[in-house]
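# Secondary and tertiary structure notes
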Amino acid sequence: VQLQASGGGLVQPGGSLRLSCAVSGRIFGISRMTWYRQAPGKQRELVASITSGGNTDYADSVKGRFTISRDNAKNTVYLQMNSLKPEDTAEYLCNMIVAVTTRYEYSYWGQGTLVTVSS
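Here the structure is a predicted model, which is why all the values come from computation and not from measurement. (Residues numbered from 1 in each chain as written. Predicted model: local features only at pLDDT ≥ 70, side-chain atom pairs only at ≥ 80, totals over all residues. Heavy atoms only, no water.)

Structurally, Arg65 is set in the loop between strand E6 (56-58) and strand E7 (66-71). One polar contact links the side chain of Arg65 to the main-chain carbonyl oxygen of Ser61, over a distance of 2.8 Å. (Helix = DSSP H or I, 4+ residues; strand = E, 2+ residues; numbered from the N terminus. Polar contact = N/O pair within 3.5 Å; in protein donor to acceptor, adjacent residues only side chain to side chain.)

As structure tokens, this is what we get:
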């Protein structure tokens, strides 16, 4: 099982980016999908999370600006980021709780994608 994140880049303040994270390999399902971020010199923080039922949770700092969604047919999670601010600059990492058999599920991490918000 591998997670591949993409979509990061350099954007001006006020701009938008859409991150994607897709899982490959033999799986039986994905329960929770989560985006984290880690800025230089700071601790990793949860940005947004979505359950298999579509329930979402957001960090206060991104509410109203970021939207997490998932495509179960494609085993992919997205993070639409609007009104980006310099303080959103960080490496963004995806995490998924993946059922690898009908009885067991494990936590997997993607490799991270860098988002830089700067003029």
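In this section: the pattern of salt bridges. The full count for this structure, using the stated rule, is 4 salt bridges. Two residues, Arg37 and Asp88, come together in a salt bridge whose shortest N-O distance is 2.9 Å. One end of the pair, Arg37, is in strand E4 (residues 29-38); the other, Asp88, is in the loop between strand E8 (76-81) and strand E9 (90-99), and 51 residues separate them in sequence. Owing to a relative accessible area of 5%, Arg37 belongs among the buried residues under this scheme. (Salt bridge = Lys/Arg side-chain N within 4 Å of Asp/Glu carboxyl O. Buried < 20%, exposed > 50% of the residue type's maximum accessible area, 1.4 Å probe, protein only.)

Turning our eyes to something else, we now look at the environment of Ala90. Inspection of the secondary structure assignment puts Ala90 in strand E9. When the C-alpha atoms of Ala90 and Gly8 are compared, they prove to be 9.7 Å apart, with 82 residues separating the residues in sequence. With sequence-adjacent residues up to four places away left out, Ala90 is seen in contact with Arg37, Gln38, Ala39, Thr113, Leu114 and Val115. (Contact = heavy atoms within 4.5 Å.)

Counting across every chain of the model gives 1 aromatic pair. Taking the centre distance of 5.0 Å and the plane angle of 45° together, the rings of Tyr36 and Trp109 count as tilted. Remark: Trp109 occurs in strand E10 (residues 105-109) and Tyr36 occurs in strand E4; sequence separation between them is 73 residues. On the basis of relative accessibility, which here comes to 21%, the residue Tyr36 falls in the partly exposed class. Stacked on the ring of Trp109, the Lys or Arg Arg44 has its end atom at 4.7 Å from the ring centre. (Phe/Tyr/Trp six-rings, centres within 6.5 Å; stacked < 30°, edge-to-face > 60°. Lys NZ or Arg CZ within 6 Å of the ring centre and 35° of its normal.)

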